[in-house]
Amino acid sequence: MLALVSRHAGPLAGDPQVPGDKSISHRALMLGAVTVGGVSISGLLEGEDVLATAAAMRALGASVERHGDGRWQVFGRGIGGLVAPPSVLDMGNSGTGARLLLGLLATHPLTATMSGDKSLSERPMERVMAPLREMGARFVGADDGRLPVTVTGAVDPLPIEYELPVASAQVKSAVLLAGLNAPGRTSVIEPEPTRDHTERMLRHLGADIEVTDEGGRRRIVLAGQLEMSGGDIIVPGDISSAAFPLVAAVVTPGSRLALRGVGFNPLRVGVIETLNEMGAAIEVTGRHDEGGELVADLEISASALRSIEVAAERTQSMIDEYPILAVAAAFAEGTSRFHGLGELRVKESDRLAAMAKGLAAAGVGVKESGDSLIVHGCGGLVPGGTDIAVELDHRIAMAFLVLGLAAEAPVVIDDASAIDSSFPGFVALMNGLGAAIEKA
Ligand code: S3P
């Protein structure tokens, strides 16, 4: 356990490089492992979640080599070419790693056992196992729908048409990755759009994939058992990680920050829209396409924030940003309401409960009401002065460290180790901007 304290700091300034996008990094390693030509990756996130996926792909027979900072080469085994691993696949803290890999393995004729840490072992896996069973996979040992599980992939996989019962990019991606080695066409229908990195990367690597908009619903159709040739993948900065220094700069008076090369996928930018609507000065420039993904530069200045009400429709575009948005709302003037947050209860921790409890302990008026979070903003003067138990949740840890920077009294988090899963070097980066975060 590494306890940290975050104290009131002066203005933040700089133009740091935020780490690579976690979602795209997992997909680059997994898809690379089933190409025939292999992929050269730059900007890969070297956080623990992604390193667990890299180790898993190696154990499944792909050649995965690190050539330098964020530069990796994966030599794939072709569609359906992965082999049984010699030991248990430990996916650490990563729901994305676990769920996507179950999808990939579901249509490989092999048996593999997957485990995770305490947080991951409490997260629901039935949501991916249900469609993957329809495709012919068998699962043993997860009767409660939780890891560890042993998966035996289908020898004769079936393509399916699957309508997502829950808006989840992980479930969508698991079915599509399974569909890569099913004959014919596998379809996923999503009632509301979720991040589409899998679709974009499949297209980029030469897969036969079609996406059509059916009046708000999206139908994704993938042709299986066709080889993917491979290529180069440039991983942009992770907008979900960028959100922490970004909000820190917004709420710390006098700050100015530039974040360049941040992924700006239209299905991920809800946090920027929301903060802009709250009055944050965020300028977006230099939008351009890089290997099928949109990338942009952000310039941020400290701003007085006002409260906001956010409807459930926006949830998917900023599903991982609610912890830090709740912190922004704590510094705003007025009462903010965020709706449609049921899925936050099954993230790395129950984030709805964690934010409500932590903000209350920091002297902020807050209420959990069903699937909504209501935050009575302090108008720039958050008391702070509390200890937070982060329950292996990297985003809860970073959100409260940011709160401490602009609060009146220091905030202590009990364990910073989970931060490495998505944002290695977070503390050094923040302190380089002028923050005061140190061992408690
Ligand atoms: C992710 C999808 C989201 C998100 C997670 C990453 C992905 O999860 O919260 O951090 O890479 O597909 P759900 O699919 O469970 O909403």
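Residues numbered from 1 in each chain as written. Predicted model: local features only at pLDDT ≥ 70, side-chain atom pairs only at ≥ 80, totals over all residues. Heavy atoms only, no water.

1. A few points about the pattern of salt bridges
Definition in use: Salt bridges are identified by distance alone: a Lys or Arg side-chain nitrogen within 4 Å of an Asp or Glu carboxyl oxygen. A run of DSSP states H or I qualifies as a helix once it reaches four residues; a run of E qualifies as a strand once it reaches two. Both are numbered from the N-terminal end.
Throughout the structure, instances matching the rule amount to 30 salt bridges. Here E273 and R314 are joined by a salt bridge, their closest N and O atoms 3.7 Å apart. One end of the pair, E273, is in helix α8 (residues 270-277); the other, R314, is in the loop between β18 (309-310) and α9 (322-331), and 41 residues separate them in sequence.

2. Quick notes on the site of the ligand
Put simply, the rule is: Residues are classed as near a molecule or strand on a simple rule: at least one heavy atom within 4 Å of it. Whenever a nitrogen or oxygen atom comes within 3.5 Å of another N or O atom, the pair is scored as a polar contact, on the condition that within protein one atom can donate a hydrogen and the other can accept it, and that pairs from neighbouring residues in sequence are kept only if both atoms are in side chains. Here the Shrake-Rupley method, with its probe set to 1.4 Å, supplies the accessible areas, and only the displayed protein chains count as covering residues. In this analysis, the protein atoms alone were mapped onto a 1 Å grid. Cavities are point sets where a 1.4 Å probe fits without being able to get out; pockets are open sets with protein on both sides within 12 Å along at least five of seven lines; lining residues have an atom within 4 Å of a point. Any molecule with more than half of its atoms within 2 Å of a cavity's or pocket's grid points is counted as sitting in it. When residues are sorted by character, Ala, Val, Leu, Ile, Met, Phe, Trp, Tyr, Cys and Pro go into the nonpolar class, Asp, Glu, Lys and Arg into the charged class, and all the rest, Gly among them, into the polar class. What marks off one domain from the next here is an automatic or database domain assignment.
All residues in the neighbourhood of the ligand are listed as S23, R27, T96, R99, S168, A169, Q170, R195, I319, D320 and K347. Between the ligand and S168 there is a distance of 2.7 Å, counted from an oxygen atom to a side-chain nitrogen or oxygen. Between D320 and the ligand, the recorded distance is 2.6 Å, taken from a side-chain N or O atom to an oxygen atom. In the complex, 96% of the free accessible area of the ligand, which totals 380 Å², lies under the protein chains. Put simply, the ligand lies in the largest cavity. Taken together, the elements giving at least two residues each to the shell around the ligand come down to α1 (22-32), α3 (95-106) and α5 (169-179). The class makeup of the residues in the shell around the ligand is two nonpolar, four polar and five charged. When residues of the shell around the ligand are assigned to domains, at least three map to each of domain 1 (4-20 + 236-439) and domain 2 (22-234).

3. With respect to the sheet that holds strand β10 (residues 161-163)
For clarity, the cut-off: In short, DSSP must find at least two bridges between two strands for them to pair. Helix axes are fitted to C-alpha atoms over the stretch in contact, other axes to C-alpha atoms as well, and angles between N-to-C directions run from 0 to 180 degrees. Should any heavy atoms of two residues lie within 4.5 Å, those residues are considered in contact.
The strand order β10-β11-β13-β12 describes an open sheet built from four strands, whose pairing is mixed. Unpaired on one side and paired on the other, β10 and β12 (209-214) mark the two borders of the sheet. Between one strand axis and the next, the sheet turns by 15 degrees as a mean value, whatever way the strands run. Examined bridge by bridge, β10 and strand β11 (residues 185-190) share three bridges and lie parallel to one another. Paired with E161 across the two strands is S187, which belongs to β11. Here α5 sits on the sheet in contact with β10, β11 and β13 (217-223), set at roughly 170 degrees to β11.

4. Observations concerning helix α6 (residues 197-204)
Inclusion rule: The rule is simple: take the accessible area with a 1.4 Å probe, protein chains only, and divide by the maximum for that residue type; under 20% is buried, over 50% is exposed, in between is partly exposed.
For α6, every residue scored as buried is listed here: H197, T198, E199, M201 and L202. Following α6 by one or two positions, G206 has its phi on the positive side, about 95 degrees.

5. Focus: the confidence of the model for the protein chain
Where we set the bar: Across the chain, each position has a pLDDT score giving the predictor's confidence in that residue, from 0 to 100.
For the protein chain, the mean per-residue pLDDT works out to 97, and 100% of the residues sit at or above 70. No element of the protein chain has a lower mean pLDDT than β12, which averages 96, and none a higher one than α5, which averages 99.

6. Some points on the pairing of strand β9 (residues 149-152)
Looking at chain direction, strand β7 (residues 111-115) and β9 are connected through four bridges and run antiparallel. Paired with M114 across the two strands is V149, which belongs to β9. In the sheet, strand β8 (residues 138-140) pairs with β9 via three bridges, with the strands oriented antiparallel. Within β9, the residue paired with V140 across the bridge is T150.

7. A look at empty space enclosed by the protein
To be explicit about the condition: Grid points are joined across faces, edges and corners, and a volume is the space filled by probe spheres set on the points.
Counted according to the given criterion, the structure contains four cavities of 30 Å³ or more. Roughly 320 Å³ of volume is contained in the largest cavity. The wall of the largest cavity is formed by 25 residues, among which T96, Q170, R195, D320 and K347 lie closest to the centre. Every element with two or more residues in the lining of the largest cavity is listed here: α1, α3 and α5. Partitioned by chemical class, the residues of the lining of the largest cavity number three nonpolar, eight polar and 14 charged.

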